[in-house]
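What follows is each chain in one-letter form.
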Amino acid sequence: MLITNIGLLAGIDTRHSLYLRGHDMRSLEMIDNAWLLVRDGKFEDWGSMRSVPEAYAQEPSADAGGGTVIPAFCDSHTHIVYAGSREREFIDKINGLSYEEIARRGGGILNSADRLAHTSEADLFAQAMERADEVMHEGTGAIEIKSGYGLTVKDELKMLRVIARIADSVPMAVKSTFLGAHAVGRAYTGRDDEYVAMVCNDMLPAVAAEGLAEYVDVFCDRGFFTVEQTDRILEAAAKYGLRPKIHANELDVSGGVQVGLRHNALSVDHLERAGREEIELLSQSETSATMLPGASFFLGMPYAPAREAVDAGAIVTLASDYNPGSSPSGSMRFIMSLGCIKMKLTPAEALAATTINGAYAMGISECYGSITKGKVANFIITRPLPSFGYLPYAYTSPLIKDIYLQGAKL
């Protein structure tokens, strides 16, 4: 299919990059007044409307109407498999309770675990599919989904099976992460080390036996899991070939970045409390510094230091953290806008952070995340824009016109 009359074709990468770091995040190319050829669900060619090859004239075509085309978003940190919602806690936050106070009162992650335990796999799948459909229609073409609201062997497996069913049911790319160490389950209250042993000795073997996860995650932060406990879990997970993706430095300077780097983590995520040491370490690594501005927006927390990390040369990624307690939204366009408005990224840097670097943080940037010959043709067509910067600027305007996943229109 030939897409014609594209006002601006943005997000082109002719270097076949796996990621962009530091100021290279501004280097995705753009062409005015362009055409784009998609064949067999892959990007094949593009160029200026002044020179459309005659060989393409007979291809089925679609007119972009002067709109901008960008790669579909790649959301590398979500928790969209959950039961029910937690708007009661939303009101508690308005009334002044902190995230940690709500958790101590039995809310937070444990609240979601209680609900999930009483929800059938079929109902859980139906709820999660509504969210998957929602984010696809907001322009997400690749997504990572974590477990972590089960906190028992049975319910963690239930979540991971639902993630596998989603992967089989949608045209998005879906990556699965085992997050049994999201919190200590209620049955192990006051026995944190015993829970860690259960994660290592019971959960991990069961997950590996069914081949249900590609990555492992641990909430390494104050009030959750220590560096030493995280170390134990990651060492156990390595025996099953699960690469780490770590929750780190959301609530405190936790040591989560350092332990993640020691274990060759693909990404360390959150980073609201990351300081100069963490930024320097990340800038010297190939680990994605994945930042979640939706959680900062919703919880009133500091925003992670994206500007400083880019300036230091890190691989900066932005993701939605879509979950019921701290970021109940999967709008990656809004995340892109927050990256500009609150984190002082340029629009070009925010595009890289929500596309190619998001794909890298899921281990799929060879095939997703940019307009590159041979990559999967996941892309967005907007309404005509006065400039590329208008996309993050007009953050609530309904600018997305069409979404294509695997070369087919949703």
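In this report, we go over the structure that sits alongside the text. For clarity, every value in this text was computed on a predicted model and none was experimentally measured.

## Let's talk about the pairing of strand S12 (residues 288-291)
Next up, step 1: Residues Ser288 and Thr290 point to one face of S12 and Ala289 and Met291 to the other, with burial holding for every one of them.
Next up, step 2: Bridge count for strand S11 (residues 267-270) against S12 is four bridges, and the pairing is parallel. Looking across to S12, one finds that His270 is bridged to Met291.

## Notes on the nonpolar core
Among soluble globular proteins, nonpolar side chains are generally buried collectively.
Next up, step 1: Formed by 108 residues in total, the largest nonpolar core has its most connected members in Val81, Ile166, Met172, Phe178, Phe225, Leu271 and Met291.
Next up, step 2: At nine residues, helix H6 (residues 192-210) tops the list of elements feeding residues into this core.
Next up, step 3: If sequence neighbours within four positions are ignored, Ile166 has contacts with Val81, Phe125, Ala128, Met129, Ala132, Ile145 and Val174.
Next up, step 4: Ranked by size, the runner-up nonpolar core spans 17 residues in total, among them Ile6, Leu36, Phe43 and Ala377.

## Side note on a nonpolar patch on the surface
Next up, step 1: Together, Phe90, Ile91 and Ile94 make up a nonpolar patch on the protein surface, roughly 280 Å² of accessible area in all.
Next up, step 2: Topologically, Ile94 is positioned in helix H1 (residues 87-94).

## Points about the packing of aromatic side chains
Next up, step 1: Applying the stated criterion across every chain yields a total of eleven aromatic pairs.
Next up, step 2: Relative to Phe379, the ring of Phe43 lies with its centre 5.9 Å away and its plane at 45°, an arrangement referred to as tilted. Of this pair, Phe43 sits in strand S3 (residues 42-48) while Phe379 sits in strand S14 (residues 379-382), and the two are 336 residues apart along the sequence.
Next up, step 3: With a relative accessible area of 2%, Phe43 lands in the buried category.
Next up, step 4: Summarising the aromatic geometry, the rings of Phe379 and Tyr404 are spaced 4.6 Å apart at their centres and angled 5° between planes, so their arrangement reads as stacked. With Phe379 in strand S14 and Tyr404 in strand S15 (residues 400-405), the pair connects residues that are 25 residues apart, well separated along the chain. With respect to class, Phe379 is no different from Tyr404; both count as buried.

## Examining the pattern of salt bridges
Next up, step 1: Taken as a whole and assessed by the stated rule, the structure comprises 21 salt bridges.
Next up, step 2: A salt bridge links Lys158 to Asp155, with the shortest nitrogen-to-oxygen separation between them at 3.5 Å. On the criterion of helical spacing, the pair formed by Lys158 and Asp155 is a turn pair, its members being three residues apart in helix H5 (residues 153-169).
Next up, step 3: In this structure Asp155 comes out as buried when scored by relative accessible area, which is 6%.

## Focus on the packing of H6 against helix H7 (residues 227-238)
Next up, step 1: Axis separation between H6 and H7 bottoms out at 10 Å; the angle between their running directions is 10°. Compared by their axis directions, H6 and H7 come out roughly parallel. Contacts between H6 and H7 involve Asp192, Asp193, Val196, Ala197, Val199, Cys200 and Leu204 from the former and Gln229, Arg232, Ile233, Ala236 and Ala237 from the latter.
Next up, step 2: Partitioning the contact of H6 with H7 into residue classes produces eight nonpolar, one polar and three charged.

## So, the sheet that holds strand S7 (residues 140-146)
Next up, step 1: Strand order in the open sheet formed by eight strands is S6-S7-S8-S9-S10-S11-S12-S13, and the pairing between neighbours is parallel. Each edge of the open sheet carries a strand with a single partner, namely strand S6 (73-75) and strand S13 (315-318). Averaged over all adjacent pairs, the angle separating strand axes in this sheet is 25°, with direction ignored.
Next up, step 2: The pairing of strand S8 (residues 173-181) with strand S9 (residues 215-220) spans three bridges and is classified as parallel. Across the sheet, residue Phe178 finds its bridge partner in S9, namely Val216.

Conventions and cut-offs
- Residues numbered from 1 in each chain as written.
- Predicted model: local features only at pLDDT ≥ 70, side-chain atom pairs only at ≥ 80, totals over all residues.
- Heavy atoms only, no water.
- Buried < 20%, exposed > 50% of the residue type's maximum accessible area, 1.4 Å probe, protein only.
- Helix = DSSP H or I, 4+ residues; strand = E, 2+ residues; numbered from the N terminus.
- Pairing = 2+ DSSP bridges.
- Core = buried A, V, L, I, M, F, W, Y, C linked by side-chain atoms within 4.5 Å.
- Contact = heavy atoms within 4.5 Å.
- Patch = residues over 30% accessible without salt bridge, like charges linked within 9 Å, V, L, I, M, F, W, Y side chains within 5 Å.
- Areas by Shrake-Rupley, 256 points an atom, 1.4 Å probe, with all protein chains shown as cover.
- Salt bridge = Lys/Arg side-chain N within 4 Å of Asp/Glu carboxyl O.
- Phe/Tyr/Trp six-rings, centres within 6.5 Å; stacked < 30°, edge-to-face > 60°.
- Axes fitted to C-alpha atoms, helices over the stretch in contact; angles between N-to-C directions.
- Parallel < 35°, antiparallel > 145°, perpendicular 65-115°, else oblique.
- Nonpolar A, V, L, I, M, F, W, Y, C, P; charged D, E, K, R; others polar.

Geometric values such as these leave the question of function open.
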